[in-house]
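# Architecture and fold: a report
Spelled out from the first residue to the last, the chains are:
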Amino acid sequence: MGLVGVQENGAGDLGFPGVSLGAKNKYKRMDSELNEDLDDHHHQGDASSSARKYVYACAVFASLNSVLLGYDVGVMSGAIIFIQEDLKITEVQEEVLVGILSILSLLGSLAGGKTSDAIGRKWTMALAALVFQIGAAIMTLAPTFQVLLIGRILAGVGIGLGVMIAPVYIAEISPTIARGSLTSFPEIFINLGILLGYVSNFAFSGLPAHTNWRIMLAVGILPSIFIGFALFIIPESPRWLVLKNRVDDARSVLLKTMDNEKEVEERLAEIQLAAGISSAEKYEEKAVWREFLNPSPALKRMLITGFGIQCFQQITGIDATVYYSPEIFKEAGIHGNSKLLAATVAVGLAKTGFIVVAIVLIDKLGRKPLLYLSTIGMTVCLFCLGFTLTFLGNGKVGVGLAIFWVCGNVAFFSVGIGPVCWVLTSEIFPLKLRAQAAALGAVGNRVSSGIVAMSFLSVSRAITVGGTFFIFSFISALSVAFVYKFVPETKGKSLEQIESLFQNDIGWRETEVELGDVEQLVDKNEQK
């Protein structure tokens, strides 16, 4: 059934056209999608609790690398205060130190696509943890700004590797019906890491300035130790195994995650077809980067969607809000390191708590409704924060509203664009391009983050902190339009089926309408 669904949708390798997705095939395609969707629900109901627990465990362990990114973002917001005091660094050095991790993490993300295709998704996660550990150790012991910067660069490369591979791995190992929520796990762990970083800042802020920031940074090594233990539990991605012609190994992994032989064989057939190594024929291969440089129309649409949503996630200013929350609250009228760091804990709680909303709703409402809720909410909060900082001064009302709007901004981010961004980029690309395309998206994400982090203080000095958030609000409004025009709904489709959404321009635009038709057909079927 799964294989038939793929063939009807024309889902194959991007370089090779499938069956046309014109109007004549619309209801045939809807019927295929309806039957596959009902099959997914049926098989999921038959799946044992042990299989579900196994998939959840794999998603959790694969997400541990994301704690490293979150912890670094959170802890550096407070540690930088004491680093400045201890090492006597300038404001420009402070911006470089904060932003260099995001900029240099692009090296890890660029290397991650090719590395994960060569050594596997699992061992790429191991390499990411090792590189980060070395960088964190150097930062902890750094006697000067220069040595601290070297450690920061290595930590950035490790984070870049980890942040691009975790969503890819989880998407490839997850059953269709739960892929959205499971692929959101890395964002949960990023938020958990940020919260732990804020708590660490507050907990160790009372120690001497020469010691406290070193302990804050050293604590970040702990999650990567747990990743080492995780490698003995989690399997390799079944889709990567198929790419390496290890079909029997892939079947074994799928049996652990689905626990239904019929569904396993269907999924295996889909993966083999998408990988171009089905028993029927082997597709002529084309260098991945050559396809990126001269993309087909379908791949071009995928790249616009994936790269665009990754960049918008960061240029709306989330890392500036998190990294520089003490600076923002200082501008609002809060003084004293302990009070500033305590206020940041509230931000961490809001950011972490609301990610649960996304996990619960992403496979029920879909990706696109959450993106609308998120981007519109962020636009309002960013505008109101700019207005508060600009016009309401340093009084109690201004302080309270500033905290409220910052917490609102990070909450809306966690509800939608934070997790959905990674879900989309891990599921819209075809198998043979997925790792390197996800790496390209992660590069856009990390570069955008670095530019924002490295320029925030300078821009805010030039046009005020409030003025900077007016700019972020305008960019966030643009992200709403981007979601409307370029992001299709992918809820309830297998990874192999999602390719068909981008095969022609009409299919790309009509995705939501067709999904609505499918839902109506399901309702009618239930009424009968």
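These numbers come from a predicted model, not from an experiment.

Time to look at the overall build of the protein. For the protein, the count of helices and strands is 27 helices and zero strands. Looking at the protein as a whole, 62% of its 528 residues qualify as buried. Counting contacts in the protein only where the partners sit at least 6 residues apart, residues at least 24 apart contribute 83% of the total. Surface summary for the protein: the accessible area is close to 19500 Å², and the carbon and sulfur share equals 67%.

Quick look at the side chain of Glu-94 now. Mapped onto the fold, Glu-94 is located in helix α5 (residues 91-119). Buried within the structure, Glu-94 lacks any salt-bridge partner; Arg-461 is the closest side chain of opposite charge, at an N-O distance of 6.7 Å. Setting aside residues no more than four positions away along its own chain, Glu-94 makes contact with Ile-80, Gln-84, Ile-89, Tyr-324, Glu-327 and Leu-457.

With that settled, consider the environment of Pro-326. As for its position among the elements, Pro-326 is in helix α18 (residues 325-332). Judged by its relative accessible area of 5%, Pro-326 falls in the buried class. Counting along the chain gives 14 residues from Pro-326 to Leu-340, while the straight-line C-alpha distance between them is 5.4 Å. The residues contacting Pro-326, other than those within four sequence positions of it, are Ser-77, Ile-81, Leu-340 and Thr-344.

For the rest of this paragraph, the subject is unusual backbone geometry. Comment: phi is negative for the bulk of residues other than glycine, and the bulk of peptide bonds are trans. A positive phi angle, close to 65°, is found at Asn-245, a residue other than glycine. Relative to the helices and strands, Asn-245 is located in the loop between α12 (238-243) and α13 (247-258). Judged by relative accessible area, Asn-245 falls into the exposed class, the value being 51%. A positive phi angle, close to 80°, is found at Thr-464, a residue other than glycine.

We now examine the packing of aromatic side chains. Tallied over the entire structure, the rule returns nine aromatic pairs. Summarising the aromatic geometry, the rings of Phe-387 and Phe-391 are spaced 4.9 Å apart at their centres and angled 45° between planes, so their arrangement reads as tilted. Within this pair, Phe-387 and its partner Phe-391 are both found in helix α21 (residues 367-391), separated by four residues, close to a single helical turn. Looking at Phe-387, the relative accessible area reads 39%, which means it is partly exposed. For Phe-391, a relative accessible area of 55% puts it in the exposed group. Ring geometry for Phe-456 against Phe-469: centres 5.9 Å apart, planes inclined by 70°, an arrangement best described as edge-to-face. Of this pair, Phe-456 sits in helix α24 (residues 431-463) while Phe-469 is found in helix α25 (residues 465-486), placing the two residues 13 residues apart along the sequence. Take Phe-456 and Phe-469: they sit in the same class, and that class is buried. One aromatic cluster is present, built from ring pairs that chain together Tyr-324, Phe-456, Phe-469 and Phe-472. The residue whose ring lies beneath Lys-485 is Phe-486, and the NZ or CZ to ring-centre distance is 5.8 Å.

Attention shifts here to the pattern of salt bridges. Across all of its chains, the model carries 10 salt bridges by this definition. Residue Glu-172 pairs with Arg-121 through a salt bridge whose shortest N-O separation is 2.9 Å. One end of the pair, Glu-172, is in helix α7 (residues 145-173); the other, Arg-121, is in helix α6 (residues 121-141), and 51 residues separate them in sequence. Arg-121 carries the same exposure label as Glu-172, and that label is buried. Of the charged contacts, one joins Glu-265 and Arg-251 as a salt bridge, the two residues approaching to 2.8 Å between their closest N and O atoms. With Glu-265 in helix α14 (residues 261-275) and Arg-251 in helix α13, this residue pair connects regions lying 14 residues apart in the sequence. Overlapping salt bridges, with partners in common, bring together Asp-117, Arg-121 and Glu-172 in one network.

Before going further, it helps to spend a moment on the state of the cysteines. Joining two cysteines, a disulfide is a covalent bond between their sulfur atoms. Scanning all chains against the criterion turns up zero disulfides. Left unpaired, Cys-311 is separated from the closest cysteine sulfur, that of Cys-421, by 9.0 Å.

Right, let's get into a nonpolar patch on the surface. On the surface, Ile-119, Trp-123, Leu-127, Leu-130 and Ile-134 cluster together into a nonpolar patch covering about 450 Å² of accessible area. Here the nonpolar patch gets four residues from one element, more than from any other, and that element is α6. Structurally, the position occupied by Ile-134 is in helix α6. Ile-134 gets classed as partly exposed once you look at its relative accessible area, which sits at 44%.

Let us look at α18. What sets the pattern is the α-helix's 3.6 residues per turn: residues three or four places apart point alike. Buried within α18 are the following residues: Ser-325, Pro-326, Ile-328, Phe-329 and Ala-332. Along the long axis of α18, the arc covered by the buried residues comes to 160°, so they all point the same way. Following α18 by one or two positions, Gly-333 adopts a phi angle in the positive range, close to 125°.

In this structure, Ile-83, Leu-148, Phe-456 and Phe-469 are the most contacted members of the largest nonpolar core, which totals 134 residues. The element that contributes the greatest number of residues to this core is helix α4 (residues 64-87), accounting for 14 residues. When residues of this core are assigned to domains, at least three fall in each of domain 1 (48-234) and domain 2 (290-522).

Detailed conclusions should not be drawn from predicted coordinates in areas where pLDDT is low. In this model, the protein carries an average pLDDT of 77, and 82% of its residues clear a pLDDT of 70 or more. Predicted confidence is poor over residues 277-286, with pLDDT under 50, and the contacts of this stretch with residues over four places away or in other chains come to 16 contacts. Counting contacts from residues 506-528, a segment whose pLDDT is below 50, to residues more than four positions away or on other chains yields 31 contacts.

Topologically, Gln-310 is positioned in helix α16 (residues 297-315). Residue class for Gln-310 comes out buried when judged on its relative accessible area of 0%. In terms of polar contacts, Gln-310 uses its side chain to reach the side chain of Asn-445, at 2.9 Å. In this structure, Gln-310 is in contact with Cys-421, Trp-422, Thr-425, Gly-441, Ala-442 and Asn-445, ignoring residues within four places of it in sequence.

We now examine the packing of α4 against α7. At their nearest, the axes of α4 and α7 sit 10 Å apart, and the two run at 165° to each other. With respect to α7, the element α4 is oriented roughly antiparallel. Crossing hand, α4 versus α7: left-handed. Contacts between α4 and α7 involve Asn-65, Leu-68, Leu-69, Asp-72, Met-76, Ile-83 and Leu-87 from the former and Phe-145, Leu-148, Arg-152, Ile-159, Gly-162 and Val-163 from the latter. Along the lines of polarity and charge, the residues of the contact of α4 with α7 split into nine nonpolar, two polar and two charged.

Thresholds applied
- Residues numbered from 1 in each chain as written.
- Predicted model: local features only at pLDDT ≥ 70, side-chain atom pairs only at ≥ 80, totals over all residues.
- Heavy atoms only, no water.
- Helix = DSSP H or I, 4+ residues; strand = E, 2+ residues; numbered from the N terminus.
- Buried < 20%, exposed > 50% of the residue type's maximum accessible area, 1.4 Å probe, protein only.
- Contact = heavy atoms within 4.5 Å.
- Areas by Shrake-Rupley, 256 points an atom, 1.4 Å probe, with all protein chains shown as cover.
- Lys, Arg positive; Asp, Glu negative; His and termini not counted.
- Salt bridge = Lys/Arg side-chain N within 4 Å of Asp/Glu carboxyl O.
- Phe/Tyr/Trp six-rings, centres within 6.5 Å; stacked < 30°, edge-to-face > 60°.
- Lys NZ or Arg CZ within 6 Å of the ring centre and 35° of its normal.
- Disulfide = S-S within 2.5 Å.
- Patch = residues over 30% accessible without salt bridge, like charges linked within 9 Å, V, L, I, M, F, W, Y side chains within 5 Å.
- Arc of directions from axis to C-beta.
- Core = buried A, V, L, I, M, F, W, Y, C linked by side-chain atoms within 4.5 Å.
- Domains from an automatic or database assignment.
- pLDDT = per-residue confidence, 0-100.
- Polar contact = N/O pair within 3.5 Å; in protein donor to acceptor, adjacent residues only side chain to side chain.
- Axes fitted to C-alpha atoms, helices over the stretch in contact; angles between N-to-C directions.
- Parallel < 35°, antiparallel > 145°, perpendicular 65-115°, else oblique.
- Left-handed = near helix turned anticlockwise from the far one by under 90°.
- Nonpolar A, V, L, I, M, F, W, Y, C, P; charged D, E, K, R; others polar.

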